[in-house]
Amino acid sequence: MKTGLKITLIAVGIAAIGSTVFLAGFGGMYYKKRAEEQYGEALKFVAEAYPYADLAVPADYVSRTQQGVTLMMPVNLEQLSTDPESPKYNVYFSEDKTQMVMYQKPFDFGKLDLAEIDNNASARLLEKFCRSMDREPLSDWYSYYDLIYHMTIDDCNIHSAKQAAVFESFAYAKSESVTGLYDTCWDWTNPAGDKGFIFMSERKERDSTLYPNGVYYSVLVELFDGNISYDTMIRANDLETCCRIANSVQIEK
């Protein structure tokens with residue numbers, strides 16, 4: 001998920017679209033059809049309302065702060081290494097290995113190139129596209145992801161070839177972002193006001209000793225502070241435990 005997503009090519013593409021004359025009417029049908037054929041599966045991956053926000057953190061959970069975030073975790077999770085130079089320093093496991101929390105280093109995307117398009121036809125075209133999705137013009141990487149994770153094929157304007165062409169560019173970007181590692185994406189704003197997403201997947205596990213039901217849950221909490229993302233991975237044999245931990249994650253400021 002931490003890539004440039006060919007953002008420069010998208011910006012260049014929008015600039016080209018902004019300077020091109022298209023036929024009026026249903027000129028967008030061509031772009032919609034092509035986007036659906038090439039990126040249809042990615043466009044089905046849409047952020048939904050988070051259904052577990054009301055799960056409280058148990059009283060016996062303990063607070064841990066690493067890599068710019070604080071969270072509450074079960075007391076039985078132990079740090080794999082106390083050496084800050086070790087890759088195991090950011091990983092906590094329960095003794096039976098059924099629960100895990102891993103902090104990732106904050107990732108700085110840098111300035112969003114699309115937000116720097118000159119104030120010309122291309123910039124107006126991009127702004128119009130954002131407005132069509134009830135969003136302000138893109139200003140940082142959170143606003144970018146917030147747009148593409150909510151974008152579906154129905155957002156393609158078939159009555160405007162230019163707008164449909166912009167949609168196709170963003171559909172391509174979304175296909176580069178959706179990796180298939182997670183089954184579900186939820187919108188998330190924590191009690192501290194940090195915004196981001198929670199990703200979840202249910203995974204099969206052959207070791208029935210660790211996971212009697214044959215499955216475990218993997219959750220990624222991705223919070224944004226402008227152009228910097230803070231990611232925390234959580235694993236447990238029940239989704240409720242994952243979400244209780246996820247609900248406690250917040251950026252240290």
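This structure is a prediction, so every number in the text was calculated from the model and none was measured.

Undergrad: So what exactly am I meant to see when it comes to the overall build of the protein chain here?
TA: When you go through the protein chain residue by residue, the secondary structure sums to six helices and 11 strands. When each of the 253 residues of the protein chain is scored for burial, the buried share is 48%. Within the protein chain, counting contacts between residues at least 6 apart in sequence, those at least 24 apart form 63% of the total. About 12,800 Å² of surface is accessible on the protein chain, with carbon and sulfur atoms providing 49% of the total.

Undergrad: Could you clarify how one ought to interpret helix α2 (residues 29-43) in this entry?
TA: It helps to recall that an α-helix has 3.6 residues per turn; residues three or four apart then point in one direction. If you check α2, its first and last C-alpha atoms are just 16 Å apart, much less than what 15 residues at 1.5 Å a residue would give, namely 21 Å. Along α2, the sharpest change in direction is near 60° and occurs at E37. Of all the positions in α2, only Y31, A35, Y39, G40, A42 and L43 are classed as buried. Turning to α2, the residues buried within the fold contact α5 (161-177).

Undergrad: What should I look at first to understand helix α6 (residues 239-246) in this one?
TA: Counted residue by residue, α6 has seven buried out of eight residues, so it is predominantly covered. By the burial criterion, the buried members of α6 are L239, T241, C242, C243, R244, I245 and A246. At its buried positions, α6 is contacted by β2 (69-73), β5 (100-103), β7 (184-189), β8 (195-204), β9 (215-225) and β10 (228-236).

Undergrad: Explain the packing of aromatic side chains here, please?
TA: Two numbers describe a pair of aromatic rings. These are the distance of the centres and the angle of the planes. Enumeration over the complete set of coordinates arrives at 26 aromatic pairs. Taken together, a centroid distance of 6.2 Å and an interplanar angle of 20° make the contact between F109 and F224 stacked. Remark: F224 occurs in strand β9 and F109 occurs in the loop between β6 (107-108) and α3 (121-132); sequence separation between them is 115 residues. F109 gets classed as buried once you look at its relative accessible area, which sits at 14%. By relative accessible area, which is 7% here, F224 ends up buried.

Undergrad: What is the right way to read the packing of helix α4 (residues 141-148) against α5 from this model?
TA: Packed helices, taken two at a time, are described by the angle between their axes plus the distance between the axes. Viewed as axis vectors pointing N to C, α4 and α5 meet at an angle of 100°, and their least axial separation amounts to 10 Å. Overall, the two elements α4 and α5 adopt an arrangement that is roughly perpendicular. Of the residues in α5, those touching α4 at Y144, Y145, L147 and I148 are F170, A173, K174 and S177. Looking at the contact of α4 with α5, its residues break down into six nonpolar, one polar and one charged.

Undergrad: How do you make sense of the pairing of β5 when you look at a structure like this?
TA: Looking along a regular strand, one sees the side chains alternate between the two faces of the sheet. For strand β4 (residues 91-93) and β5, the ladder comprises three bridges, and the chain directions are antiparallel. Note on β5: the bridge partner recorded for Y92 is V101. Looking at chain direction, β5 and β10 are connected through four bridges and run antiparallel. Its bridge partner lying in β10, Y103 is registered against T232.

Undergrad: Help me out: how do you make sense of the packing of α2 against α5 in this one?
TA: Taken N-terminus to C-terminus, the directions of α2 and α5 make an angle of 25°; their axes are 9 Å apart at the nearest point. Taken as axis vectors, α2 and α5 run roughly parallel relative to one another. Seen from above, α2 lies across α5 with left-handed handedness. Contacts between α2 and α5 involve Y31, R34, A35, Y39, A42 and L43 from the former and A161, A164, A165, F167, E168, A171, Y172, K174 and S175 from the latter. Here the contact of α2 with α5 is composed, by residue class, of 11 nonpolar, one polar and three charged.

Undergrad: Before we go on, may I ask you to explain the nonpolar core in this structure?
TA: In globular proteins that are soluble, nonpolar side chains generally tend to be buried together. Judged by nonpolar contacts, the single largest core of 40 residues is most densely connected at Y149 and F170. Every element with two or more residues in this core is listed here: α2, α3, α4, α5, β8 and β9. The element best represented in this core is α5, accounting for eight residues.

Calculation criteria
Throughout, a residue's number is its position along its own chain's written sequence, starting from 1. Per-residue local features are limited, in this predicted model, to residues with pLDDT of at least 70; the limit for side-chain atom pairs, both in listing and counting, is 80 or more; totals at the level of whole chains, interfaces and linings are taken over all residues. To get the side-chain values, take all heavy atoms of the structure and skip hydrogens and water. For the purposes of this entry, the term helix denotes a DSSP run of H or I that reaches at least four residues, the term strand denotes a run of E that reaches at least two, and both are numbered from the N terminus. Note on classification: 1.4 Å probe, protein chains only; a residue is buried when its accessible area is under 20% of the maximum for its type, exposed when over 50%, partly exposed between these limits. Contacts between residues were defined by any pair of non-hydrogen atoms, one from each residue, lying within 4.5 Å. Computed by Shrake-Rupley with a 1.4 Å probe, the accessible areas treat only the displayed protein chains as cover when residues are assessed. A helix is expected to reach a length of 1.5 Å times the quantity of its residues less one. We define the bend at any residue as the angle between the axes fitted to the seven residues before and including it, ending there, and the seven starting there. Pairing of aromatic rings covers Phe, Tyr and the six-membered ring of Trp, with a centre-to-centre limit of 6.5 Å; geometry is then stacked below 30 degrees between planes, edge-to-face above 60, and tilted otherwise. Here the axes come from fitting lines to C-alpha atoms, over the contacting stretch only for helices, and the angles between their N-to-C directions go from 0 to 180 degrees. Roughly parallel refers to an angle under 35 degrees, roughly antiparallel to one over 145, roughly perpendicular to one between 65 and 115, and oblique to any angle outside these ranges. Basically, the charged four are Asp, Glu, Lys and Arg, the nonpolar ten are Ala, Val, Leu, Ile, Met, Phe, Trp, Tyr, Cys and Pro, and anything else, Gly included, counts as polar. Strands are treated as partners if at least two bridges between them are detected by DSSP. Each crossing is labelled by how the near helix is turned from the far one, with a counterclockwise turn of less than a right angle marking it left-handed and a clockwise turn marking it right-handed. Put simply, buried Ala, Val, Leu, Ile, Met, Phe, Trp, Tyr and Cys residues joined by side-chain atoms within 4.5 Å make one nonpolar core.

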